[in-house]
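# Examination of the molecular architecture
One-letter residues, chain by chain:
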Amino acid sequence: MFQIAIDGPSGAGKSTIAKALAAKLSCVYVDTGAMYRTIGLYAARHDIDPGDASKVADCLKDIKLDIKYKDGTQRMLLCGEDVTDLIRTQKISMYASKVSAIPQVREFLMNLQRDFAKENNVVMDGRDIGTVIFPNATVKIFLTSSAEARAKRRFLELAEKGEDVDYEIILAQTLERDNNDLTRAVAPAIAARDAVILDNSELDIKQTLDAVNRIVNDKIKDI
Ligand code: DC
């Protein structure tokens, strides 16, 4: 069994890279950010302040999260409802960032995440996969890029979907999320000591994937 951990800030292209890598290696891809987003969506729908740790922790007992794979794509289920397409808005990004700072939320998701690797080879992306979830992961990559490069990619992605967006606001939100993710007391989004850090500010997707493949091949000669 192997685990490939791809951590890094939002907008660095982790999910695109992790998905392509998992397809190449014929293993399971798990997007852990989608799990935090789903809890954020639950809070938003129930008018729960995502910064109110005790209220959010209290609602976890009512949340049933499942991941299904449809045509090779991860679908997020919240109490049986497919919410995959509803968790990608800017509002839910901010909710997810807030709820992810709550220790009970992280613990709730940790077991779910570890369960995936019990029977499958996995490529998992997130913020704490190499530091907390799989401290002994076979390969650890910390994929990062400048806040400006990430905000620009996010801006283009949302504009393409028809969302009414402003680059300066996206940049400010990117910096705010970075700050939330980096400074939280539990599992801050930092690189594991033994992670390979890859800055792709100046790389496109193909160049990033080539670099990731080189790192993976170097670490696991026989997969
Ligand atoms: O990767 P993403 O943008 O979909 O993640 C949404 C939020 O969840 C982000 O603000 C950070 C948080 N997150 C986390 O704290 N730990 C993870 N393993 C994955 C995501």
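Residues numbered from 1 in each chain as written. Predicted model: local features only at pLDDT ≥ 70, side-chain atom pairs only at ≥ 80, totals over all residues. Heavy atoms only, no water.

### Topic: the packing of aromatic side chains
Ring pairs (aromatic) are described by centroid distance and by the angle formed between their planes. The test is simple: Note on ring pairs: Phe, Tyr and Trp rings are taken, using the six-membered ring of Trp, and paired if centres are within 6.5 Å. Classes follow the plane angle, with under 30 degrees stacked, over 60 edge-to-face and the rest tilted. Per the convention used, a helix needs a DSSP run of H or I reaching at least four residues, while a strand needs a run of E reaching at least two, with both numbered from the N terminus. Each residue's exposure class comes from its accessible area (1.4 Å probe, protein chains only) as a fraction of the maximum for that residue type: buried when under 20%, exposed when over 50%, partly exposed otherwise.
The full count for this structure, using the stated rule, is one aromatic pair. Geometrically, the ring pair formed by Phe155 and Tyr167 is edge-to-face, given 6.3 Å between the ring centres and 90° between the ring planes. Remark: Tyr167 occurs in helix α8 (residues 167–183) and Phe155 occurs in helix α7 (residues 147–160); sequence separation between them is 12 residues. Exposure remark for Phe155: the relative accessible area of 24% places this residue in the partly exposed category. When its relative accessible area of 26% is taken as the criterion, Tyr167 is described as partly exposed.

### Structural notes on the site of the ligand
Rule in force here: Summary of the distance rule: residues count as near a molecule or strand when at least one heavy atom falls within 4 Å of that molecule or strand. N or O atoms within 3.5 Å of each other form a polar contact, as long as, within protein, one can give a hydrogen and the other can take it, and as long as residues adjacent in sequence are counted only when both atoms are side-chain atoms. Only the protein chains shown count as covering a residue, and every accessible area follows the Shrake-Rupley method with a 1.4 Å probe.
Looking at the ligand, there are 16 residues lining it, with Arg37, Arg106, Arg127, Arg177 and Arg184 nearest. Between Asp128 and the ligand, the recorded distance is 3.0 Å, taken from a side-chain N or O atom to a nitrogen atom. Note that an oxygen atom of the ligand is positioned 3.3 Å from one of the side-chain N or O atoms of Asp181. Out of a free accessible area of 450 Å², the ligand has 96% covered by protein chains.

### Digging into the pattern of salt bridges
Filter applied, for reference: We define a salt bridge as a side-chain nitrogen of Lys or Arg found within 4 Å of a carboxyl oxygen belonging to Asp or Glu.
Overall, the coordinates contain 15 salt bridges when judged by the stated rule. With a closest N to O distance of 2.6 Å, Asp178 and Arg150 form a salt bridge. Of this pair, Asp178 sits in helix α8 while Arg150 sits in helix α7, placing them 28 residues apart in sequence. When its relative accessible area of 14% is taken as the criterion, Asp178 is described as buried. A residue is classified by how much of its surface remains accessible, and Arg150, at 4% relative accessible area, is buried. The network of salt bridges with shared partners includes Arg75, Asp82 and Asp85.

### Observations regarding the nonpolar core
Filter applied, for reference: We call a set of buried residues a nonpolar core when its members are Ala, Val, Leu, Ile, Met, Phe, Trp, Tyr or Cys and they connect through side-chain atoms within 4.5 Å of each other. Whether two residues touch is decided by their heavy atoms; if any such pair falls within 4.5 Å, the residues are in contact.
With 37 residues, the main nonpolar core has Met35, Ile39, Ile63, Leu65, Met76, Val105 and Phe134 as its most contacted residues. Per-element tally for this core: the top contributor is helix α2 (residues 33–45), with eight residues. Excluding anything up to four places from it in sequence, Met35 contacts Val30, Leu65, Ile67, Met76, Leu109, Leu112, Gln113 and Phe116.

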